[in-house]
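This is what each chain is made of:
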Amino acid sequence: MHTNLKWLAAALAAVAAMLLAGCGARGEPEADLVGIYAVKQNGVLKELVKIERQGERYVMRDKVRTADWSEPKMQLQPVTRERWSRLTADQENTTFVGVASEQLGIFKVPAGWKKNGFSTETGYFLFYSRGPVEAYKL
């Protein structure tokens, strides 16, 4: 009987571990970046980018040339500390979450973060070839 209880406890622990592993995608900090982002144009917020989760990847849609969301334009990957440092030249231990492709990244940092003449009041910014742009998560 004692052996059966140990076996049952081990089996339940294994099932719980599998369930938690299956939920891992929802526990990733990058999941907080899923949503719609706007930028200010002439003092008015304009929806620009939508980040979605599709399976194991994040994809970006935009409203650059149309009033409706585009088809998924690019896949985004979580940004490592090393890549963060290369993109932003930030050598501090700044708390950040980011997803990026080779062309675009979206980041969440502490509100008020400043670096190289750029600051973000919202804590969100888009980073692309022309540099960072303040973003507003809607």
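Structure report, in brief.

Thresholds applied
- Residues numbered from 1 in each chain as written.
- Predicted model: local features only at pLDDT ≥ 70, side-chain atom pairs only at ≥ 80, totals over all residues.
- Heavy atoms only, no water.
- Helix = DSSP H or I, 4+ residues; strand = E, 2+ residues; numbered from the N terminus.
- Buried < 20%, exposed > 50% of the residue type's maximum accessible area, 1.4 Å probe, protein only.
- Pairing = 2+ DSSP bridges.
- Axes fitted to C-alpha atoms, helices over the stretch in contact; angles between N-to-C directions.
- Polar contact = N/O pair within 3.5 Å; in protein donor to acceptor, adjacent residues only side chain to side chain.
- Contact = heavy atoms within 4.5 Å.
- Core = buried A, V, L, I, M, F, W, Y, C linked by side-chain atoms within 4.5 Å.

Even without glycine at this site, Asn-42 takes up a positive phi of about 55°. Inspection of the secondary structure puts Asn-42 in the loop between β1 (35-41) and β2 (44-54). Backbone geometry places Asn-116, a non-glycine residue, at a positive phi of 50°. Tracing the backbone shows Asn-116 in the loop between β7 (114-115) and β8 (118-119). Judged by relative accessible area, Asn-116 falls into the exposed class, the value being 64%.

What follows is about the sheet that holds strand β3 (residues 57-62). The 8 strands are arranged β1-β2-β3-β4-β5-β6-β9-β10 in a closed barrel whose pairing can be described as antiparallel. With strand direction ignored, the average angle separating the axes of adjacent strands in the sheet is 35°.

Mapped onto the elements, Asp-62 comes out in strand β3. For Asp-62, a relative accessible area of 7% translates into the label buried. At 3.4 Å, the side chain of Asp-62 and the backbone nitrogen of Val-64 are in polar contact. For Asp-62, the side chain forms a polar contact with the side chain of Lys-73, separated by 3.3 Å. If near-sequence neighbours (up to four positions away) are discounted, Asp-62 is found in contact with Leu-48, Val-49, Asp-68, Trp-69, Ser-70 and Lys-73.

A separate point is the environment of Met-74. On the secondary structure map, Met-74 appears in strand β4 (residues 74-78). Judged by relative accessible area, which is 18%, Met-74 ranks as buried. Taking C-alpha positions, Met-74 is 5.6 Å from Val-59, a pair spaced 15 residues apart along the chain. Met-74 has contacts with Tyr-58, Val-59, Met-60, Ser-101, Gln-103 and Leu-104, leaving out every residue within four places of it along the chain.

Within the largest apolar cluster, 16 residues are counted, with the highest numbers of intra-cluster contacts made by Leu-33, Tyr-37, Ile-51, Met-60, Leu-76, Ile-106 and Leu-126. Broken down by secondary-structure element, the contributors of at least two residues to this core are β1, β2, β3, β4, β5 (97-100), β6 (104-108) and β9 (124-128).

Attention now moves to the pairing of β3. Of all the 6 residues making up β3, 5 are buried; the element is thus mostly covered by neighbouring parts of the structure. Where β2 lies against β3, 6 bridges are found, and the strand directions are antiparallel. Its bridge partner lying in β3, Arg-53 is registered against Tyr-58. Here β2 folds back onto β3 in antiparallel fashion, the turn holding 2 residues, of which Gly-55 has a positive phi close to 65°.

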